[in-house]
Amino acid sequence: MKKLLLLICSVFLFSIFTPNVNASTEFTDVHSSYNFYDEVMYLYDRGIISGYGTGEFKPNAVVTRDAAAAMIGRALKLDGTQRNTTFSDVGASNYASGYIDSAVKQGIISGYADGTYRPKEPVTRGQMAIFLARAFKLSNEANVYFSDVSPSITAYSSIKKILAFGITTGYADNTFRPNKQLTRGDFSAFLARALNDSFKVKPPTSIGKLAVHFLDVDQGDSSLLITPTGKTILIDGGKITAGEKVVSYLKAAGVTSIDYLVATHPDADHIGGLITVLNQIPVKNVIDSGKSHTSQTYMEYLTLIDQKNIPFHIAKTGEFLNVDSAIKVQVLNSGEGATDNNEASVVLKVTHGSKSFLFTGDAGVATEAEMVSSFDVNADVLKVSHHGSETGSSQAFLNEVTPAWAVLSFGEGNSYGHPDSVVVNRLTAMGATVIPTTNGDIAFESNGSSIQLIKGVPGTEPQPNPNTGKIDITNLDLDKEIVTLKNIDTKDISMDGWTLISVDGNQQYNFPSDFVLKKGATVTVMTGRNAYESRPTHLLWTTAYIWDNNGDAARLVDPQGTIIDELAR
């Protein structure tokens, strides 16, 4: 009998002190088929995690801030003795109070400005990245960029660090989802990977190189991008006569198909050459501005897309194009609500590591102002809008872009006077290296941290003659306090930098930088008590009285200081 009792006791003691590593027994809701079964059991065996009194682990429940602190604290063997903390909502009664206090002192976690810790608040993926990067003192950063992670968010650097350490890889759609709430199972997996190399996921591959080409298509636009993984983007194709040149260039670059063909807007000098491309090279997707046109060129372009059953997508301002996880391609403008073809231009910002390229189509100053107010337009390489016309590239816009290189795509001796000298002067004055397609094709290569010009000849030749525009002062009414101007030029004129002067009153009006006086249009500049603004026909100077009723003259001066017209009364 004594031997039997001793045997029973030994079995009982063995069952108490031998860890049970079978999750189906310890946790009724975690089985061997669960994705993170091994990671959960690894942490359980080491006393880093525990379940609920019901025998469950609840892997799909959100992980709270106190639970995260406790798990990290146990993993790092911090002092978890329950005690009061500096936070008003974490007292000694909170099971994680000791770990919270220790983790705060270690600089791993922090509270909120109102003096709270909010222990039951869910932890997001972005917060998880911060906690783990600090806890394990991570320093290396992966050169991988997600469409939903910008340098402005707090977790930006931490996310890149946990990627480099093999804790996560993000999602297949090139997102990280930093604001998504984290589950207990996910957090367990990430923590296990930080602790044990055998659980790590393969860090993202090298960022690779991005090639960006600007083709010499005479008076038109065409750009080719070859991404680090070999994806291809063709932005515009020049005039119809440039089609064969574009196709030949693509073939010489080893392009056998186009992943994304982008038609910035329906003008013939942008989409004409795309007809030849569509006929000769397979195209997988078309991105369009959504701005319709009645031209034969545009109709033929649409017909080919329909005949070949190519997926057709209208760009949406703010969206990201899922081209390659190594780059970000964001739409900064599209044809939504635009009445003018140029203002409907699809504008793309392509970011590769810390470097970026900005493709502006023919966007004008009004569109530029909208983009500046909504997006970060800073870029290393700028494809200058509208072939260097003064309808775009306002000083205010260029001040935000601050390009190191500026690409001008235009035809030598063109009848439009492109590029306008005022645009070239702005670019050179701010230190940008200006590279025209009239000197031949242009190509850049980016490794994510630097950009090299590998083809192209800098220089602004042929320099256009100064030609800021022809505007007449058609009326000056001293009593009504109005001045009427008319654009008698053959082109739209940006009024950025222009001034209207009351000669006798010695008063000066600076036209808004985003105002464009359309070809053949008139605008009335108003002053006095009844003055108001109603663009594009009326501009408000001031509600004060400016003009001398005993006699005055209105003087119109261009950005170079040249008097364009003067009218006396």
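For the structure itself, look to the data block above.
An account of the accompanying structure is given in this report. (Residues numbered from 1 in each chain as written. Predicted model: local features only at pLDDT ≥ 70, side-chain atom pairs only at ≥ 80, totals over all residues. Heavy atoms only, no water.)

**Quick word on the pairing of strand β15 (residues 451-455)**
So the rule is basically this: Pairing between two strands requires that DSSP report at least two bridges joining them. Starting at the N terminus, helices and strands are each numbered in turn, a helix being any DSSP run of H or I of at least four residues and a strand any DSSP run of E of at least two.
Taken together, the four bridges between strand β14 (residues 442-446) and β15 define a ladder with antiparallel strand orientation. In the strand pairing of β15, Ala443 is matched with Lys455. Counted between consecutive antiparallel strands, the loop separating β14 from β15 contains four residues, among which Gly448 sits at a positive phi close to 95°.

**Examining unusual backbone geometry**
Most peptide bonds take the trans form, and the phi angle of most residues other than glycine is negative. Pro419 follows His418 through a cis peptide bond whose omega is -5°. Among the secondary structure elements, Pro419 is positioned in the loop between β12 (405-408) and α15 (421-429). The linkage connecting Arg535 with the following residue, Pro536, adopts the cis geometry, with an omega of 5°. One non-glycine residue with positive phi stands out, namely Lys137, at about 50°. The residue Lys137 is located in the loop between α6 (125-135) and α7 (156-164) in this model.

**Topic: the sheet that holds strand β1 (residues 210-214)**
To keep things clear, this is the line we draw: Only the stretch in contact is used when fitting a helix axis, every axis being a line fitted to C-alpha atoms; angles between N-to-C directions are given from 0 to 180 degrees. In what follows, a contact means two residues having at least one pair of non-hydrogen atoms within 4.5 Å.
Taken in spatial order, the eight strands line up as β6-β5-β4-β3-β2-β1-β14-β15 in an open sheet, and their pairing is mixed. On the outer flanks of this sheet lie β6 (312-314) and β15, each paired with one strand and no other. Averaged over neighbouring strand pairs, the angle between their axes works out to 20° when direction is ignored. As paired strands, strand β2 (residues 223-226) and strand β3 (residues 232-235) are joined by four bridges and run antiparallel to one another. Within β3, the position partnered with Ser223 by the bridge is Ile235. Running over the sheet, helix α12 (residues 296-307) touches β4 (260-263), β5 (286-288) and β6 and is turned about 145° from β5.

**A closer look at the nonpolar core**
Soluble globular proteins tend to bury their nonpolar side chains together. For the record, the criterion: Buried Ala, Val, Leu, Ile, Met, Phe, Trp, Tyr and Cys residues that are joined via side-chain atoms within 4.5 Å together make up what is termed a nonpolar core. Summary of the burial criterion: residues with accessible area below 20% of their type's maximum are buried, those above 50% are exposed, and those between are partly exposed, where the area comes from a 1.4 Å probe applied to protein chains only.
Counting residues in hydrophobic clusters, the biggest one holds 56 residues, and the most contacted among them are Met128, Leu132, Phe187 and Leu191. Of all the secondary structure elements, the ones that give two or more residues to this core are α3 (37-45), α4 (65-75), α5 (97-105), α6, α7 and α8 (184-195). The residues contacting Leu132, other than those within four sequence positions of it, are Ile72, Leu138, Ile162, Ile167, Phe190 and Leu191.

**Quick notes on the packing of aromatic side chains**
Inclusion rule: Here a pair means two rings of Phe, Tyr or Trp (six-membered ring of Trp) with centres within 6.5 Å. Their orientation is stacked below 30 degrees between planes, edge-to-face above 60, and tilted elsewhere. Two limits define a charge over a ring: the Lys NZ or Arg CZ must be within 6 Å of the ring centre, and within 35 degrees of the ring normal.
Applying the stated criterion across every chain, the model contains 13 aromatic pairs. Arranged with centres 5.7 Å apart and planes meeting at 25°, the rings of Phe214 and Phe359 form a pair that is stacked. Residue Phe214 is found in strand β1, and its partner Phe359 is found in strand β10 (residues 355-359); the two are separated by 145 residues along the sequence. A single burial state applies to Phe214 and to Phe359, both of which are buried. Three or more aromatic residues link up through ring pairs in this structure, and these residues are Phe214, Phe357, Phe359, Trp405 and Phe444. Over the face of the ring belonging to Tyr112 we find Arg118, whose NZ or CZ atom lies 3.7 Å from the ring centre. Residue placement shows Arg177 over the ring face of Tyr171; its charged tip is 3.6 Å from the ring centre.

**Topic: the pattern of salt bridges**
To keep it simple, the criterion reads: When a carboxyl oxygen of Asp or Glu is within 4 Å of a side-chain nitrogen of Lys or Arg, the pair counts as a salt bridge.
Summed over the entire model, instances satisfying the criterion amount to 22 salt bridges. As a salt-bridge pair, Arg118 and Glu121 come within 3.9 Å of each other at their nearest N and O atoms. For Arg118, a relative accessible area of 31% gives the class partly exposed. On the basis of relative accessible area, Glu121 is assigned to the partly exposed category, the value being 26%. Residue Lys383 pairs with Asp221 through a salt bridge whose shortest N-O separation is 2.6 Å. Of this pair, Lys383 sits in strand β11 (residues 381-383) while Asp221 is found in the loop between β1 and β2, placing the two residues 162 residues apart along the sequence. Comparing Lys383 with Asp221 shows no difference in burial state: the two are buried. Salt bridges sharing partners connect three or more residues here, namely Asp79, Arg83, Asp101 and Lys105.

**A closer look at the pairing of β14**
Working note: regular strand, side chains alternate between the two faces of the sheet. Counting buried positions along β14 gives four out of five residues, so the element sits mostly inside the fold. Here five bridges tie β1 to β14, and the two strands are oriented antiparallel to one another. Of the residues in β14, the one forming a bridge with Ala211 is Glu445.

**Here we look at α8**
Put simply, the rule reads: Multiplying one less than the number of residues by 1.5 Å gives the expected span of a helix.
The end-to-end C-alpha separation of α8 is 16 Å, in line with the 16 Å expected for twelve residues at 1.5 Å each. Burial within α8 is extensive, with ten of its twelve residues counted as buried. Looking at α8, one finds that the buried residues are Arg184, Gly185, Phe187, Ser188, Ala189, Phe190, Leu191, Ala192, Arg193 and Ala194. Contact partners of the buried residues in α8: α3, α4 and α6.

**Structural notes on the sheet that holds strand β19 (residues 499-502)**
Here we have four strands laid out as an open sheet, ordered β20-β19-β24-β25, and antiparallel in their pairing. Lying at the two open borders of the sheet, with one neighbouring strand each, are β20 (507-510) and β25 (563-568). Mean inter-strand twist for the sheet, computed between neighbouring axes without regard to direction, equals 15°. Sheet topology note: the β19/β20 ladder contains four bridges and is antiparallel. In the strand pairing of β20, Ser502 is matched with Gln507.

**Overview of the packing of α6 against α8**
A pair of packed helices can be characterised by two numbers: the angle between their axes and the separation between those axes. For the record, the criterion: Should an angle fall under 35 degrees it is taken as roughly parallel, and over 145 as roughly antiparallel, whereas 65 to 115 is taken as roughly perpendicular and any remaining angle as oblique. Crossings are sorted by hand: turned counterclockwise from the far helix by less than a right angle, the near helix makes the crossing left-handed, and turned clockwise it makes it right-handed.
As a packed pair, α6 and α8 sit with axes 11 Å apart at the nearest point and diverge in direction by 25°. Comparing their axes, α8 and α6 come out roughly parallel. As for the relative orientation of α6 and α8, their crossing is right-handed in sense. Taken together, the residues of α8 that come into contact with α6 (itself represented by Arg125, Met128 and Leu132) are Phe187, Phe190 and Leu191.

**As for the environment of Gly237**
The topology assignment puts Gly237 in the loop between β3 and α9 (243-252). The buried category is assigned to Gly237, whose relative accessible area is 0%. The residues touching Gly237, leaving out its near neighbours within four places in the chain, are Asp221, Ser222, Ala242, Val246, His270, Gly273 and Leu274.

**Thoughts on the environment of Ile108**
Structurally, the position occupied by Ile108 is in the loop between α5 and α6. Here Ile108 falls in the buried class, since its relative accessible area comes to 3%. With 39 residues separating them along the chain, Ile108 and Ala69 place their C-alpha atoms 8.9 Å apart. Residues in contact with Ile108, not counting those within four places in the same chain, are Ile72, Leu76, Leu78, Ala103, Phe131, Arg134 and Ala135.

Honestly, that's just the spatial picture; any functional story needs more than this.
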